[in-house]
Amino acid sequence: MEGRGSFPQGARLGLLQLWMGAHPKGDAIICDNRISQKTLGSWISKHPDCLGSQVKDVFQGQLPFLFKVLSVNISLSIQAHPNKELAVQLHAQFPDRYPDKNHKPEMAIALTPFEGLCGFRPVEEIIGFLKNVPEFHAVIGNEAAELLENSSSDPRQISDALKKCFTVMMTCEKKTFVDQLNMLVKRVLEEAAAGKDMAGSNGELLLRLHSQFPGDVGCFVIYFLNLVKLQPGESMFLGANEPHAYLHGDCIECMACSDNTVRAGLTPKFIDVQTLCGMLNYTPAPASEKIFPFIPDPSDPCVFLYDPPVPDFTVIKIEVPSSVKRYTISSIDSASILLVIRGEASATAAHPSQINIRRGSVLFMAANASVDLCINSLDGMLLFRACCML
């Protein structure tokens, strides 16, 4: 199977991405000439039992997940994904802007050191920036800033104050935030030239984002959202209404089969500030809580599960050590998409045909099928498997 990439457009935007799945905007191409259907979606429509009995029934004969590889060199937009109720509403009102009726919870698993903004910082961190960064305070304004500073320990009051501050900033008059941003960038550059510590103003990240999106109000978002740094194999899960922006690095991404995104900054694409500000989860939490843990499989030392709190998808990491030359990818009652990250092998399924797989190979596994690997590489294999574990 061959995924659908967006390389020409992505190269201009600093993003290369490969889609693997059956979404209409990126239906994967079947490379086996013996199969009459040319795309994965059309083949699944002809053979719905391949999804697995439960998956077929629960998701009305559709592959419920979309698997991607992303390579991010320029920060992606400040965005969030709607829950199912809002997705249906947005699609009905603006079908050209929101082409899907489905929600889009997603998970990013780092392949290289990876950076992203995710979720609102603890309130004390945001208040610290309001005190240390006068330009940020000027954009928020005294009334909203004092509301946050005086918020009690009541979670609802804190969320309301955060929503007020964030909305004021995102809807600020353009001249105001551009003037303040230019003053801030000038000051941080002077501090950097003088060898001063820029941590109090998050200066390094500010200058990076401003160089990519000069004059964008999204540059101030770094004072609201956590900076999350992932090492290879670490992941973060982004549920409905969670504000985020990928900044840099390569990752595997898995999500519900949807392309619904609400954007509000750091992008040349359509932005919908009012919708984004109205839908967000304004619950603060530290960056450490945004790292989603994987679970070792007690029955197989090569398998690690990333199992998010949604039914649409699970990701399985399969890391086979160099000492193992034969390995069986076990059967489950779900269709799977298998991506090879490292290593080479001869792969054999139930029928006698054999194919050679290597870095970048993408396989579709029907439900209840297993694949035997005869591993040829000296350093073992690393694979990721997307599936639906109901």
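Residues numbered from 1 in each chain as written. Predicted model: local features only at pLDDT ≥ 70, side-chain atom pairs only at ≥ 80, totals over all residues. Heavy atoms only, no water.

Considering the overall build of the protein
Phase 1 of the analysis: Helices and strands together make up the secondary structure of the protein, namely 11 helices and 20 strands.
Phase 2 of the analysis: Compactness check: the protein gives a C-alpha radius of gyration of 23 Å against a globular reference of 21 Å for 390 residues, within 12% of the reference.
Phase 3 of the analysis: Expressed as a percentage of its 390 residues, the buried residues of the protein come to 55%.
Phase 4 of the analysis: Look at the contacts in the protein between residues 6 or more apart in sequence, and 74% of them connect residues 24 or more apart.
Phase 5 of the analysis: Summing over all exposed atoms, the protein offers an accessible surface of approximately 17,300 Å²; the carbon and sulfur share of this is 53%.
Phase 6 of the analysis: If you average the places of the 34 positive and of the 41 negative side-chain charges in the protein, the two averages end up 6 Å apart. (Helix = DSSP H or I, 4+ residues; strand = E, 2+ residues; numbered from the N terminus. Rg over C-alpha atoms; globule rule 2.2 N^0.38 Å. Buried < 20%, exposed > 50% of the residue type's maximum accessible area, 1.4 Å probe, protein only. Contact = heavy atoms within 4.5 Å. Areas by Shrake-Rupley, 256 points an atom, 1.4 Å probe, with all protein chains shown as cover. Lys, Arg positive; Asp, Glu negative; His and termini not counted. Charge placed at Lys NZ, Arg CZ, Asp CG, Glu CD.)

Some remarks on the confidence of the model for the protein
Phase 1 of the analysis: Taken over all residues, the pLDDT of the protein has a mean of 92, while the share at 70 or more is 96%.
Phase 2 of the analysis: Of the regions scoring below 50 in pLDDT, residues 5-13 engages in 12 contacts with residues more than four places distant in sequence or in other chains. (pLDDT = per-residue confidence, 0-100.)

Description of the environment of Ile78
Phase 1 of the analysis: One can find Ile78 in the loop between strand E3 (65-72) and strand E4 (79-80).
Phase 2 of the analysis: Those residues in contact with Ile78, other than ones at most four positions away along the chain, are Gly218, Val221, His244, Ala245, Val262, Arg263, Ala264, Gly265, Leu266 and Leu276.

A few points about the packing of aromatic side chains
Phase 1 of the analysis: In this structure the tally under the stated criterion is 15 aromatic pairs.
Phase 2 of the analysis: Considering the side-chain rings of Phe120 and Phe166, the 5.4 Å spacing of their centres and the 85 degrees angle between planes classify their relative orientation as edge-to-face. Placement of the pair is Phe120 in strand E6 (residues 114-120) and Phe166 in helix H8 (residues 155-170), with a sequence separation of 46 residues. Take Phe120 and Phe166: they sit in the same class, and that class is buried.
Phase 3 of the analysis: Among the aromatic residues, those joined into a ring-pair cluster are Phe120, Phe129, Phe136, Phe166, Phe220, Tyr223, Phe224 and Tyr282.
Phase 4 of the analysis: A cation over a ring is seen here: Lys317 above Phe294, with NZ or CZ 5.3 Å from the ring centre.
Phase 5 of the analysis: Lying over the aromatic face of Phe304, Lys317 brings its terminal NZ or CZ to 5.1 Å of the ring centre. (Phe/Tyr/Trp six-rings, centres within 6.5 Å; stacked < 30°, edge-to-face > 60°. Lys NZ or Arg CZ within 6 Å of the ring centre and 35° of its normal.)

Here's the deal with the sheet that holds strand E16 (residues 345-348)
Phase 1 of the analysis: Read across the open sheet, the 4 strands follow the order E14-E19-E16-E17; overall the sheet is antiparallel. Each edge of the open sheet carries a strand with a single partner, namely strand E14 (326-329) and strand E17 (354-357). Going across the sheet, the axis of each strand differs from the next one's by a mean of 25 degrees, ignoring polarity.
Phase 2 of the analysis: With 4 bridges connecting them, E16 and E17 associate as antiparallel partners. Across the sheet, Thr348 pairs through a bridge with Gln354, a residue of E17. (Pairing = 2+ DSSP bridges. Axes fitted to C-alpha atoms, helices over the stretch in contact; angles between N-to-C directions.)

Some thoughts on the pattern of salt bridges
Phase 1 of the analysis: Scanning the entire structure with this criterion turns up 16 salt bridges.
Phase 2 of the analysis: Between Glu115 and Arg208 there is a salt bridge whose closest N-O contact spans 2.9 Å. Of this pair, Glu115 sits in strand E6 while Arg208 sits in helix H10 (residues 203-212); the two residues are 93 residues apart in sequence, bridging distant segments of the chain. Both residues of the pair, Glu115 and Arg208, count as buried.
Phase 3 of the analysis: Its salt-bridge partner being Glu319, residue Arg342 comes within 3.8 Å of it at the nearest N-O pair. One end of the pair, Arg342, is in strand E15 (residues 336-342); the other, Glu319, is in strand E13 (residues 314-320), with 23 residues separating them in the sequence.
Phase 4 of the analysis: Judged by relative accessible area, Glu319 falls into the partly exposed class, the value being 33%. (Salt bridge = Lys/Arg side-chain N within 4 Å of Asp/Glu carboxyl O.)

Overview of the nonpolar core
Phase 1 of the analysis: Counting 57 residues, the largest nonpolar core has Phe136, Phe166, Met169 and Phe224 as its most contacted members.
Phase 2 of the analysis: Ranked by residues supplied to this core, first place goes to H8 with 7 residues.
Phase 3 of the analysis: If we skip the residues at most four places from it in the chain, Phe136 touches Ile126, Phe129, Leu130, Met169, Phe220, Tyr223 and Phe224.
Phase 4 of the analysis: With 33 residues, the next largest nonpolar core counts Ala28, Ile44, Phe364 and Leu382 among its residues. (Core = buried A, V, L, I, M, F, W, Y, C linked by side-chain atoms within 4.5 Å.)

Some points on the sheet that holds E15
Phase 1 of the analysis: Ordered in space as E11-E12-E13-E20-E15-E18, the 6 strands form an open sheet in which the pairing is antiparallel. Edge strands, defined here as strands with exactly one partner in the open sheet, are strand E11 (295-296) and strand E18 (362-365).
Phase 2 of the analysis: Relative to strand E12 (residues 303-306), E11 is paired through 2 bridges, and the arrangement is antiparallel. The residue of E12 that forms the bridge with Ile295 is Leu305.

Considering the state of the cysteines
Phase 1 of the analysis: Summed over all chains, the structure comprises 0 disulfides.
Phase 2 of the analysis: Not engaged in a disulfide, the cysteine Cys302 finds its nearest cysteine sulfur in Cys374; these two sulfurs lie 15 Å apart.
Phase 3 of the analysis: According to the relative accessible area criterion, Cys302 is buried, its value standing at 8%. (Disulfide = S-S within 2.5 Å.)

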